[in-house]
Amino acid sequence: MGAKGEALAKQFEGKVQEATTVVEKLSDADWRKTTSAEKWSVGVVAHHVATGHEGIAGIIKTVSGGQSMPHFTMDMLHAMNAQHAQEHANCTKAETLALHKKNAAAAALVGGLSDAELAKSSTVLAGMPPMSVEQIVNGILINHIDEHFGSIRSTVGR
């Protein structure tokens, strides 16, 4: 374990807690509002983030373990996200919160990373430059919450 990994884990945990607080305060009407950024309901955006923690943790685990990521494009990501939005159009706040908390276990993975593991890199998205594990944690895992919960806040006025 490294101090840098622990600091990143604490930062992620803070973002998870902020997101949890936002979701808990959403009314049923808020849950159904459509975001301007994603064009999904607030509930689907929250569920997308909750699901994403686990997938992004998988990327972190793969790259920090010195393995290469399989070929994955932005078009594949967009198709996967669109399918998720369709499949979870009727997700509930309770199930989303439970998933969000369960998948936030990614913090333990991040907290256990050594500086050497954080420095390992791989191409995450085809056609994009390689990213270090530290960049993946900051730019994907943590930013995923910031970006989508910024959209939720802007939609519900909080």
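Residues numbered from 1 in each chain as written. Predicted model: local features only at pLDDT ≥ 70, side-chain atom pairs only at ≥ 80, totals over all residues. Heavy atoms only, no water.

**Overview of the side chain of Ser122**
Rules: Numbering of helices and strands runs from the N terminus, with a helix taken as a DSSP run of H or I at least four residues long and a strand as a DSSP run of E at least two residues long. Here a residue-residue contact requires only that any non-hydrogen atoms of the pair lie within 4.5 Å.
Here Ser122 shows up in strand E1 (residues 121–122). Beyond its immediate chain neighbours, meaning those up to four positions away, Ser122 contacts Val63, Gln67, Ser68, Met69, Pro130 and Met131.

**Remarks on unusual backbone geometry**
The criterion, for reference: Per-residue accessibility, obtained with a 1.4 Å probe over protein chains only, is compared with the maximum for each type, and a residue is labelled buried under 20%, exposed over 50%, and partly exposed between these values.
A positive phi angle, close to 65°, is found at Lys39, a residue other than glycine. Residue placement: Lys39 occurs in the loop between helix H2 (28–32) and helix H3 (42–64). Overall, the relative accessible area of 60% leaves Lys39 in the exposed class.

**A word on helix H4 (residues 74–87)**
Rule in force here: For a helix, the expected span equals 1.5 Å multiplied by the residue count minus one.
With 14 residues, H4 should cover 20 Å at 1.5 Å per step; its first-to-last C-alpha distance of 20 Å lies within 8% of that length. Tucked inside the fold, the buried residues of H4 contact H3.

**Here's the deal with the environment of Lys4**
Relative to the elements of secondary structure, Lys4 occurs in helix H1 (residues 3–25). A relative accessible area of 39% means that Lys4 is categorised as partly exposed. In this structure, the C-alpha to C-alpha distance between Lys4 and His144, residues 140 residues apart in sequence, is 20 Å. What Lys4 contacts, discounting residues up to four positions off in sequence, is Asp115, Leu118 and Glu134.

**Points about the confidence of the model for the chain**
Caution is warranted with low-pLDDT regions, since their predicted coordinates should not be read in detail. Convention followed: Values of pLDDT, which run from 0 to 100, indicate the predictor's confidence residue by residue.
The predicted model of the chain averages 96 in pLDDT, with 99% of residues at 70 or higher. Across the chain, the secondary-structure element scoring lowest on mean pLDDT is helix H6 (residues 106–111), at 92, and the one scoring highest is strand E2 (residues 131–132), at 98.

**Points about the packing of H1 against helix H8 (residues 133–156)**
We apply this condition: Fitted lines through C-alpha atoms give the axes, limited to the stretch in contact for helices. The angle between two N-to-C directions lies from 0 to 180 degrees. Relative orientations are named as follows: roughly parallel for angles under 35 degrees, roughly antiparallel for angles over 145 degrees, roughly perpendicular for angles from 65 to 115 degrees, and oblique for any other angle. The sense of a crossing depends on the near helix, which, turned anticlockwise from the far helix by less than a right angle, makes the crossing left-handed and, turned clockwise, makes it right-handed.
In the contact formed by H1 and H8, the axes pass within 11 Å of each other and the chain directions differ by 15°. Viewed along their axes, H1 and H8 adopt a mutual orientation that is roughly parallel. Considering the relative orientation of H1 and H8, their crossing is left-handed. Of the residues in H8, those in contact with Lys4, Leu8, Gln11, Phe12, Lys15, Val16, Glu18, Ala19, Val22 and Val23 of H1 are Glu134, Val137, Asn138, Leu141, Ile142, Ile145, Asp146, Phe149, Ile152 and Arg153.

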